[in-house]
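Spelled out, the chains give:
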Amino acid sequence: SSQLVLAAVDDTWKGNDDLDQAMAGANLDQPMLLLSHDPRVFNDVFAQQKYPIALQFSGHTHGGQLAIPFLGRSTSVLSFFGVAWSQGLYKRNKRWLHVSAGLGTTGAPIRIGVPSELTLIQLTSAPSIASK
């Protein structure tokens, strides 16, 4: 039987992103998945190396809401403000971050070049090294 640690933190802007509190009591020997409203938490996850979080799911950015149609996320309005992760799948060493553009908007209720999305990701367990 495979087990998975699922932890979550809220918005960094509201100060509700205490990773230590979210991970309190977690079995560090199990695969870990983090739900974090703000993808910037990935910086802390990666820098600290305190918790073996393999995958983080985030939103917050709405994909930037505005981009040059058909030219991809590099043209998102967020790229002009130095936002590292606006939408999609990113990898740093053995850690993954998926940022969804989501269904809604923030500020002006407009999207150009960044369609709303509902992401479906299927997780499967990796074969055990001991069984090989």
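Up top you'll find the structure we're talking about.
Residues numbered from 1 in each chain as written. Predicted model: local features only at pLDDT ≥ 70, side-chain atom pairs only at ≥ 80, totals over all residues. Heavy atoms only, no water.

*Asks:* Any chance you could break down the overall build of the chain for me, citing the residues and the numbers?
*Replies:* The number of helices and strands found in the chain is two helices and five strands. For the chain, the succession of helices and strands along the chain, N to C, is β-α-β-α-β-β-β. Residues classed as buried in the chain amount to 34% of the 132 residues present. Within the chain, contacts between residues separated by at least 24 positions form 51% of all contacts whose residues are at least 6 apart in sequence. Summed over its atoms, the accessible surface of the chain is roughly 8,500 Å², and 58% of this surface lies on carbon and sulfur atoms. (Helix = DSSP H or I, 4+ residues; strand = E, 2+ residues; numbered from the N terminus. Buried < 20%, exposed > 50% of the residue type's maximum accessible area, 1.4 Å probe, protein only. Contact = heavy atoms within 4.5 Å. Areas by Shrake-Rupley, 256 points an atom, 1.4 Å probe, with all protein chains shown as cover.)

*Asks:* So what's going on with the sheet that holds strand E3 (residues 53-58)? Which residues, and what values?
*Replies:* Read from one edge to the other, the open sheet built from five strands follows the order E1-E2-E3-E5-E4, with strand pairing classed as mixed. Here the strands that pair on one side only, and so sit at the sheet edges, are strand E1 (5-9) and strand E4 (88-92). Strand-to-strand twist of the sheet, defined as the mean angle between neighbouring strand axes without regard to direction, takes the value 20°. Strand direction decides the pairing type here: E3 and strand E5 (residues 95-99), joined by four bridges, are parallel. Of the residues in E5, the one forming a bridge with Leu55 is Trp96. The sheet contacts of helix H2 (residues 41-48) involve E1, strand E2 (32-36), E3, E4 and E5, and relative to E5 the element is tilted by about 175°. (Pairing = 2+ DSSP bridges. Axes fitted to C-alpha atoms, helices over the stretch in contact; angles between N-to-C directions.)

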